[in-house]
2 protein chains.
Amino acid sequence: MSEVKPLKEKRFDLQAVNKYATLMTLGNGYMGIRGSFDENYTEQTRGMYVAGIYNRFSSNDVNEIVNLPDLVGMKIEIDEEVFTLQAGEVIEYERNLDLFTGELERKLVWKNKKGHRFRFLFQRFVSKADLHTLASKVTITALDTTAALTLKTGIDAQQSNFGKQHLIEENVRVIDKRIMHATYRTSESNHLVALSTMINVSPVSAPVFVAKNRQLTASISQNLQVNQPFVLEKISAVYTSNDIDAKEVDVASIQSVEQYSLFGYDQLRNQTAAKWKAFWDHKRVKISSIDEMDQFALDFSIYHLEIMTPAHDARLSVGAKGLTGEGYKGHVFWDTEIFIAPFHLYTDPAVAKKLLIYRYLHMEEAKSKALKNGYEGTLFPWESALTGHEETPEFAAINILTGNRQKVASAIAEHHIVADIAFAVVQYYYSTFDEAFMQKEGIALLKETALFWISRASDEGGRLSIIDVIGPDEYTEHIDNNAYTNYMAANNVQQAVFFLEKYNHEDLTFVKRAKEFLQSLYLPAPNEEGIIPQDDTFLTKPEIDLTKYKQKQGSQGILLDYSRAEVNEMQILKQADVVMLLYLMPNLFSAEVVKKNLQYYEEHTIHDSSLSKAIHAIVAARCGEHEMAYRCFQEACLIDLGPNPKSSDEGVHAASLGANWLAAVFGFANITMEQNQLVISPKLPKNWSELSFPFEWQGSSLVFTISQSELSVVKKSGPEVSIKVARQIYNIQDRMLIPLHE
Amino acid sequence: MSEVKPLKEKRFDLQAVNKYATLMTLGNGYMGIRGSFDENYTEQTRGMYVAGIYNRFSSNDVNEIVNLPDLVGMKIEIDEEVFTLQAGEVIEYERNLDLFTGELERKLVWKNKKGHRFRFLFQRFVSKADLHTLASKVTITALDTTAALTLKTGIDAQQSNFGKQHLIEENVRVIDKRIMHATYRTSESNHLVALSTMINVSPVSAPVFVAKNRQLTASISQNLQVNQPFVLEKISAVYTSNDIDAKEVDVASIQSVEQYSLFGYDQLRNQTAAKWKAFWDHKRVKISSIDEMDQFALDFSIYHLEIMTPAHDARLSVGAKGLTGEGYKGHVFWDTEIFIAPFHLYTDPAVAKKLLIYRYLHMEEAKSKALKNGYEGTLFPWESALTGHEETPEFAAINILTGNRQKVASAIAEHHIVADIAFAVVQYYYSTFDEAFMQKEGIALLKETALFWISRASDEGGRLSIIDVIGPDEYTEHIDNNAYTNYMAANNVQQAVFFLEKYNHEDLTFVKRAKEFLQSLYLPAPNEEGIIPQDDTFLTKPEIDLTKYKQKQGSQGILLDYSRAEVNEMQILKQADVVMLLYLMPNLFSAEVVKKNLQYYEEHTIHDSSLSKAIHAIVAARCGEHEMAYRCFQEACLIDLGPNPKSSDEGVHAASLGANWLAAVFGFANITMEQNQLVISPKLPKNWSELSFPFEWQGSSLVFTISQSELSVVKKSGPEVSIKVARQIYNIQDRMLIPLHE
């Protein structure tokens, strides 16, 4: 068990500039700021995003998360030479995202074209103490000679979403000759975004302010003296009309900057570091592994799970790239409920609840979508943003070679998200016994999602089928009776009936329909070889050797050799589908069937989706396939952290980071639930001597520590907890040491 | 007399990147493409503009010329290192804008970080044979070793006007796996812009096409062999719904590229070079000077006068920066009629006529503006674009320190543009005797502009005053009886009466009002010292020593020391005002008065406007102030061509380039008109042994060649022409040699 280590970039590499900008994003769930360099590079994509601030650029476009005016960029000139690491010589270089403190730091020594050396220290953080605040600091020291320094920084609204400008400049000001302030309005969604920023310089000098071409800039000119550091601090604040009354955003951002600049960078950073320390003390998963990467990958994952989640506001949920980039336009998918929410549910259930409230708040829009598609209940959008309307574009990008546009199938057919949300509701309930939630939001969600499935099924000679869907495996479109979908739908309806009856919500018609549905719904059973058919036709399709494509997993290389239509007609999986089902419902089939299906489907899965690998790791771990489990886990950890310099340009793979946590807790610790009974049956990888993590369960705060031979359970607070280990129930009052046997 | 020399950039200098991008703009009046580097630099502003394609980004904005998707940028990687002159080493470098052929060429040898050398030749031109076409060519040769080359280029719609995106992507395609094609719509003005481009590569290889994030890109990968050049040619075409029917723009641009790519770069370039040769043969001003810069500055000026003028379309006029940048948002000012049109009038009168038609086509909008302001007739907008409405923003940019916005005075009070247009009408008539134009458009313009002045004047005890105006000198706002304005207004009304009577247009009421106006209008006479008061109060204001500001002319440095309001209350001129009047009406006052006023006002003029210096040169030359004239001329030539690396970032100073031509022809050759009598009284600078230029006059094509002692006149075509030299009339039938005496 080691300290939380930083994410390091050891050399300046332009090829990886956007990967590291993504990985080194700072944030607090309210906002995210990509870890772009302070100075500009043509290849570099800057980005600052506030959760919930979406806009449609034109009627041809869907809502996308708005790339806000930049607050961290600066232009530095030394002796009239623009500071860039492309020119001159980089003598020392180190960049660290300190996950432990939430600070991004870059130290370097640069020799300019004249041969003079300068030491630079760049620091930056997004506050965890005040969601609206960020700060940066740059220290420049001439090592060889005096030199003329010019530094320009401010608010740069030339930023856009790859050329799409969402913001109309409403107001640009310098307040009291100190605070730069600007307000922008999103062109269609009509949000106001107020930014304020103030710089302090040592040695003291007064900036010259200029506003031009959507840039408000403070310019500082000084002579650098040898070994006398020049220090610039910049404290900034962001408020939007989504947070507070539109009339207040200007004042709020200005006052915030006024107040915090009295503290100065270091003190503010220390406040944030203290918050991060509390986070790590509470939420860290500790791994003693021969391979240090395992611990680091988990630290990296939960750092990002924390900064991607707008825990402050139940009107918001988590985008598929968090707030780290513009991939998937900041939209919310099933990723949230199935991959991301569990981390919160088992470390801070109130956050998981908010993510469910987000869905509850948009039941009306989901009902409209169902109605529009001829169904009852709630059909939640495949992609959603602030309004809860379907944000999946109706048509995919044009095929530039043929000129054809295909309808996007996901919004039409990837309906399992409805059952995924219901699954998360039930999971939340059994993990918290939050009766108040369940009686109001929970039951409403369960009933209306169930109603959707009841209306969605079609009678085929007395047997109910769910036809023309897409399961999690998106390489198989428009199929009938997807195993994942049907079982999840059945679970959804079953749970709805159960909780309606539990709370005596009288709706006899519904219950009658639900029970008929459950009696008649076709649930694909394992065939003679024990294989659960992924859908009605999957197992009849031809197979091909996937080795070549599996070697380049994540790249969708198969689509270079085959059309989508051709892939659809072969036994080729993009990602876990039946295996996903086996992960979520571990007790549905015998261990033998689970193992057979894991093997069968793993063979046919390319893992082109980042949602896949860690799920296979979990099921493999549970099956005792230790090597496969650990290999899958380690490969999953490389989805963002691997050597590919372009893997994460558009943002982190948020769900995969959630899945890394799932792999540790539900795979290697092998926690499962039998209804409301916690079961733990650890399956540590050989490399691991210990795994320790916190776990919130039914109002108690537990810490599990697992070695190859023992399970330690410490209850830090809350009522007595019962845990089942190797078919035996243990009641934990305070702490307990339970021996483990294979 | 020498060949037309290229504009050279001898070393790669990032500080001047946008100046040279402006100066090295290619164009043909239909479109302009900034001479940006093919590869990207963070400081570099790319730009492609089509005359007439304006848009308003939001209701907070005025129309601006739209920066269109880029067609010339490319990303080159060699052995996975991005080609940029900021890295590696530049061993040889030379960039030439060949004014003679219209081709931009860059030759360089670059050593990459590994130490391998590569030779690059970049070529580019905008067609003068087909307004819609442009082409580029890049040749890359490995000099030391084989290397892996990747080159990406296409259509890049991430371009914007400093962050303002005007274009909505309507259509992106690759036609026949060869032609990249995209169509965009301006968001408010609703123009369609279709772009097509095709690349051909040698050695042959097929590009991979990708469309993403508003970029349609062809990617070429090849291995460079030592000393075997890799050549890429790119032929592109642009059509807009302002040119042809909206339904036709796609097909037109695609067919154009299909057709022209059969020719190939070199042949197309030769066609354009032939057109440019004809241009130079016909229109060049030839100067034999000790200082080669004089000839070069004139060549540079008329190159730009040619490419800035949309001679193909009378619905368009010339922006204050031509099509070289976004300064003044592409708007049309009085610059066109007074500074730019004369070059066309005396080399190709049909073009000058079109520029007047542009005003004629917008008389309705000018009438509306007059009406709205309580006047009669036509009040032409101070700034106009495609629609002919006033485009001057109502309020200036906010004062970021005080938060105040001032009304922009120009649109409210800089009314002399009305008389300037009338002046150009009369000038056009006497230079062409185009009766058809004069009877229809000319007389309409004269009458309605005259009507404006009649309604604009106010009776002050029997004397008519024109109060609360701004003259050409914008450092003196809201003054009464500006000499320039009053004399020009009187001329306007006088000419209207004259031509109405000439053509028997019966409007007795108008004529009566006009004659009363002429009788009563106050025309400021020289005071006892011979000084014509610039306005009612100017000569009573305090004076300060302007030496300091004159040394930094063009920088508006005075406004760092004094507020605009303070400057307004002193005898400080931004630019020629009374001197401007003396230039346009050389016979209004005695030579002695002219000289006195030149001296007086020159002393009080900072020349912070680029419109000023060359006008002083003209009047000084006419006064025999040879040294002052030549100094002013040479300084005027440096407005764009001088050493300041930031002088022209936002575009060329179009009017000043026109004024350089005026200085040669109306200053040093000293051509004036006594009504329709051409008068020439050369005043060559001592440095010049010869000055020769073409001159279209009343249907005849003349060539004047002036030495210090002789004037040669050659009439190449047209009827007999009478010329007055030293008070003597010469009738030119064919050619004539006239001796000159001081």
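Residues numbered from 1 in each chain as written. Chains lettered and ligands numbered in written order. Predicted model: local features only at pLDDT ≥ 70, side-chain atom pairs only at ≥ 80, totals over all residues. Heavy atoms only, no water.

S.K.: Would you take a moment to explain the UniProt feature "binding site: substrate" (unreviewed entry) in chain A for this structure?
M.R.: Residue and element names in this part refer to chain A. In the numbering used here, UniProt assigns the "binding site: substrate" (unreviewed entry) feature to Trp334, Asp335, Lys574 and Gln575. Turning to its location among the elements, Lys574 is positioned in the loop between helix H15 (564-568) and helix H16 (578-584). Here Lys574 is in contact with Asp473, Glu474, Tyr475, Gln556, Thr605, Ile606, His607, Asp608, Ser609 and Ser612, once residues within four sequence places are set aside. Only 2.8 Å separates the side chain of Lys574 from the side chain of Glu474, close enough to count as a polar contact. Residue placement: Gln575 occurs in the loop between H15 and H16. Every residue in contact with Gln575, bar those within four places of it in the chain, is listed here: Trp334, Pro472, Asp473, Glu474, Thr605, Ser609, Leu611 and Ser612. A distance of 3.2 Å separates a polar side-chain atom of Gln575 from the backbone oxygen of Pro472. (UniProt positions renumbered as here; feature names shortened; annotations may be inferred. Helix = DSSP H or I, 4+ residues; strand = E, 2+ residues; numbered from the N terminus. Contact = heavy atoms within 4.5 Å. Polar contact = N/O pair within 3.5 Å; in protein donor to acceptor, adjacent residues only side chain to side chain.)

S.K.: I'm lost on the relation of the copies chain A and chain B in this one. Help?
M.R.: The pair of chain copies shares a relation made of a rotation about an axis and a shift along it. In the superposition of chain A on chain B (RMSD 0.0 Å, axial shift 0.0 Å), the rotation amounts to 180°. Those values place the two copies in the arrangement expected of a two-fold rotation axis. A high fraction, 100%, of the interface residues of chain A reappear at the interface in chain B, so the copies pair face to face through one surface. (Least-squares fit on C-alpha atoms with pLDDT ≥ 70 in both.)

S.K.: Hey, could you run me through the side chain of Glu441(B) in this one?
M.R.: Position of Glu441(B) relative to the elements: it lies in helix H10 (residues 435-456). When residues no more than four places from it in sequence are discounted, the contact partners of Glu441(B) are Ile357(B), Tyr360(B) and Ala436(B).

S.K.: Is there a simple way to think about the sheet that holds strand E29 (residues 728-732) of chain B in this case?
M.R.: Adjacent strands of a sheet form backbone hydrogen bonds with each other and so pair up, either parallel or antiparallel. All names here are of chain B. In space, the 4 strands of this open sheet follow the order E23-E24-E28-E29, with mixed pairing throughout. With partners counted over all chains shown, the strands left at the sheet margins are strand E23 (671-674) and E29, one partner each. Each adjacent strand pair in this sheet contributes to an overall mean axis angle of 35°, direction not counted. Across 2 bridges, the pairing between strand E24 (residues 677-680) and strand E28 (residues 721-725) is parallel. (Pairing = 2+ DSSP bridges. Axes fitted to C-alpha atoms, helices over the stretch in contact; angles between N-to-C directions.)

S.K.: Help me out: how do you make sense of the domain arrangement of chain A in this one?
M.R.: Think of interface size as the accessible area that goes away when the parts come together; that is how it is often given. Residue and element names in this part refer to chain A. Here chain A is described as being made up of domain 1 (7-250) and domain 2 (283-668). Computed over C-alpha atoms only, the centres of domain 1 and domain 2 are separated by 37 Å. Each partner contributes residues to the interface: domain 1 has 36 residues there, and domain 2 has 39 residues. Taken together, the two surfaces of domain 1 and domain 2 that pack against each other cover about 3000 Å², and 59% of this comes from carbon and sulfur. (Domains from an automatic or database assignment. Buried area = accessible area lost by both parts, 1.4 Å probe.)

S.K.: So what exactly am I meant to see when it comes to the interface of chain A and chain B here?
M.R.: Each partner contributes to the interface: chain A provides 44 residues, whereas chain B provides 45 residues. A combined buried area of about 3500 Å² lies between chain A and chain B, and 54% of that area is made up of carbon and sulfur atoms. Its largest share of buried area at the contact with chain B, chain A owes to Gln86(A), Phe162(A) and Ile400(A), together 18% of the area lost on that side. Applying the counting criterion to the chain A and chain B interface returns 4 salt bridges. Where Lys75(B) meets Glu43(A), a salt bridge forms, and the shortest distance between an N and an O atom there is 2.8 Å. At the boundary of chain A and chain B, one finds 16 residue pairs in polar contact (both at pLDDT 80 or more). Elements that contribute at least two residues to the side of chain A that touches chain B include exactly strand E7 (74-78), strand E14 (167-175) and strand E17 (208-212) of chain A. (Salt bridge = Lys/Arg side-chain N within 4 Å of Asp/Glu carboxyl O.)

S.K.: Honestly, the environment of Leu268(A) in this entry has me stumped. Any pointers?
M.R.: Residues and elements named next belong to chain A. Its place among the elements puts Leu268 in helix H3 (residues 265-283). According to the relative accessible area criterion, Leu268 is buried, its value standing at 4%. C-alpha of Leu268 to C-alpha of Leu14: the two residues are 254 residues apart in sequence and 31 Å apart in space. Residues contacting Leu268, with those up to four places away along its chain left out, are Phe125, Ile235, Tyr260 and Phe263. (Buried < 20%, exposed > 50% of the residue type's maximum accessible area, 1.4 Å probe, protein only.)

S.K.: Teacher, can you tell me more about the pattern of salt bridges here?
M.R.: Where charged atoms from two side chains of opposite charge approach closely, those side chains can pair. Residues and elements named next belong to chain A. Within this structure, the stated rule accounts for 91 salt bridges over all chains. Linking Glu103 and Arg269 is a salt bridge whose minimum nitrogen-to-oxygen distance equals 3.1 Å. Within this pair, whereas Glu103 is found in strand E10 (residues 103-111), its partner Arg269 is found in helix H3, the two being separated by 166 residues in sequence. With a relative accessible area of 7%, Glu103 lands in the buried category. With its nearest N and O atoms 2.8 Å apart, the salt bridge here joins Lys574 to Glu474. In this pair, Lys574 sits in the loop between H15 and H16 while Glu474 sits in the loop between strand E22 (463-465) and helix H11 (483-502), placing the two residues 100 residues apart along the sequence. No difference in accessibility class separates Lys574 from Glu474, as the two residues are buried.

S.K.: Whenever I open this one, the side chain of Thr485(B) confuses me. Can you help?
M.R.: Structurally, the position occupied by Thr485(B) is in helix H11 (residues 483-502). Discounting chain neighbours no more than four positions away, the residues touching Thr485(B) are His416(B), Trp453(B), Ile466(B), Val469(B), Ile470(B) and Gly471(B).

S.K.: What is the right way to look at the environment of Gln225(A) in this model?
M.R.: All names here are of chain A. By the secondary structure assignment, Gln225 is in the loop between strand E18 (215-224) and strand E19 (230-240). Sequence separation between Gln225 and Leu143 is 82 residues, and the spatial gap between their C-alpha atoms is 8.6 Å. Look past the residues within four positions of Gln225 in its chain and what remains in contact with it is Ala142 and Thr146.

S.K.: Whenever I open this one, the UniProt feature "active site" (unreviewed entry) in chain A confuses me. Can you help?
M.R.: Mapped onto this structure's residue numbering, the UniProt feature "active site" (unreviewed entry) falls at Glu474(A). In contact with Glu474(A), not counting residues within four places along its chain, are Trp382(A), Ser410(A), Glu414(A), Arg564(A), Lys574(A) and Gln575(A).

S.K.: Is there a simple way to explain the packing of aromatic side chains in this structure?
M.R.: Pairs of aromatic rings are described using the distance from one ring centre to the other and the angle between the two planes. Per the counting criterion, the structure on display carries 90 aromatic pairs over all chains. Pairing Tyr428(B) with Phe437(B) gives two aromatic rings, centres 5.0 Å apart and planes at 80°, and the pair type is edge-to-face. As far as the burial class goes, Tyr428(B) and Phe437(B) line up, both buried. These aromatic residues form a ring-pair network of at least three members: Phe343(A), Tyr346(A), Trp661(A), Phe666(A), Phe693(A), Phe695(A), Trp697(A) and Phe704(A). Note that Lys447(A) overlies the ring of Phe510(A), its terminal NZ or CZ placed 5.8 Å from the centroid. (Phe/Tyr/Trp six-rings, centres within 6.5 Å; stacked < 30°, edge-to-face > 60°. Lys NZ or Arg CZ within 6 Å of the ring centre and 35° of its normal.)

S.K.: How should I be thinking about the sheet that holds strand E25 (residues 688-697) of chain A in this particular structure?
M.R.: Residues and elements named next belong to chain A. Strand order across the open sheet formed by 5 strands is E20-E25-E26-E27-E30, with antiparallel pairing between neighbours. At either margin of the open sheet sits one strand with a lone partner, and together these are strand E20 (286-289) and strand E30 (735-739). Across this sheet, the average inter-strand angle for adjacent strands is 15°, counted without regard to direction.

S.K.: Hey, could you run me through unusual backbone geometry in this one?
M.R.: With the exception of glycine, the majority of residues adopt a negative phi angle, and the majority of peptide bonds are in the trans configuration. Residue and element names in this part refer to chain A. Look at the link from Ser202 to Pro203: it is a cis peptide, with omega at -5°. On the secondary structure map, Pro203 appears in the loop between strand E16 (192-202) and E17. One non-glycine residue, Gln675, lies in the positive phi region at around 55°. Relative to the elements of secondary structure, Gln675 occurs in the loop between strand E23 (671-674) and strand E24 (677-680). For Gln675, a relative accessible area of 45% gives the class partly exposed.

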